[in-house]
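Given next are the chains, with one letter for each unit.
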Amino acid sequence: MKRLRLPAQLASLDRFRSFVDQAARAADAGPEVLLKIELVLEELLVNHVSHAYGAGQGDSEVACFCRPGFFCLEVVDEAAPFDPLQQATPDLTLAPGDRPIGGLGIHMVRSLADEIYYRREAGRNVMTACFALTSTAPFQPASRTA
């Protein structure tokens, strides 16, 4: 398992992204999977930066590992216990102005990851997201027709 620990700051996002991208490419993650991984990573890290430590400072740690058929990443903080998976699924039938604030990010994470887990371990919040590596078709952006 490879790990990278950096300050929980927006300035750290590029280094985390590069670290995870390199590990995912080494695991032969295809372009579609790479995009999902990047979106999930960014959402989880931005949440750390915005909410984990309040006005204080702390670190975020990202770990990458593989298991048969999957690439997984863990995003870890040492903040107060918080399991985002316990948040209610947002009511997407409501107009955006009528929805309570929050919950869309974790909804997106749940939608993009094939597996997602939370655990509290040794005073740390650990979010694990795993992505199936079975997609073999090359990513093709939607073509525009006039």
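Residues numbered from 1 in each chain as written. Predicted model: local features only at pLDDT ≥ 70, side-chain atom pairs only at ≥ 80, totals over all residues. Heavy atoms only, no water.

### Topic: the sheet that holds strand S5 (residues 124–132)
So, point 1. Spatial strand order, S1-S2-S3-S5-S4: five strands in an open sheet with antiparallel pairing. The two strands at the open ends of the sheet, each matched to only one other strand, are strand S1 (2–7) and strand S4 (115–121). Averaged over neighbouring strand pairs, the angle between their axes works out to 20° when direction is ignored.
So, point 2. Pairing of strand S2 (residues 59–67) with strand S3 (residues 70–77), which is carried by eight bridges, proceeds in the antiparallel orientation. (Pairing = 2+ DSSP bridges. Helix = DSSP H or I, 4+ residues; strand = E, 2+ residues; numbered from the N terminus. Axes fitted to C-alpha atoms, helices over the stretch in contact; angles between N-to-C directions.)

### Some thoughts on the packing of helix H1 (residues 13–26) against helix H2 (residues 31–52)
So, point 1. Their axes nearest at 10 Å, the elements H1 and H2 cross at an angle of 150°. Crossing angle aside, the handedness with which H1 passes H2 is right-handed. For the pair H1 and H2, contact is made by Leu13, Phe16, Arg17, Val20, Asp21, Ala24 and Arg25 and by Leu34, Ile37, Glu38, Leu41, Glu42, Leu45 and Val46, respectively.
So, point 2. When grouped by side-chain class, the residues that make up the contact of H1 with H2 number nine nonpolar, no polar and five charged. (Left-handed = near helix turned anticlockwise from the far one by under 90°. Contact = heavy atoms within 4.5 Å. Nonpolar A, V, L, I, M, F, W, Y, C, P; charged D, E, K, R; others polar.)

### Here we look at the state of the cysteines
So, point 1. Counted according to the given criterion, the structure contains one disulfide.
So, point 2. Between cysteine 72 and cysteine 130 runs a disulfide, and the two sulfur atoms are separated by 2.2 Å. A torsion of 110° about the S-S bond marks the disulfide between cysteine 72 and cysteine 130 as right-handed. Here cysteine 72 is found in strand S3, whereas its partner cysteine 130 is found in strand S5, with 58 residues between them in sequence.
So, point 3. A relative accessible area of 0% means that cysteine 72 is categorised as buried.
So, point 4. A disulfide-free cysteine, cysteine 64 has its sulfur positioned 8.4 Å from the sulfur of cysteine 66, the nearest such atom.
So, point 5. Overall, cysteine 64 belongs to the buried group, its relative accessible area being 4%.
So, point 6. With no disulfide of its own, cysteine 66 lies 7.4 Å from the sulfur of cysteine 72, the closest cysteine sulfur. (Disulfide = S-S within 2.5 Å. Buried < 20%, exposed > 50% of the residue type's maximum accessible area, 1.4 Å probe, protein only.)

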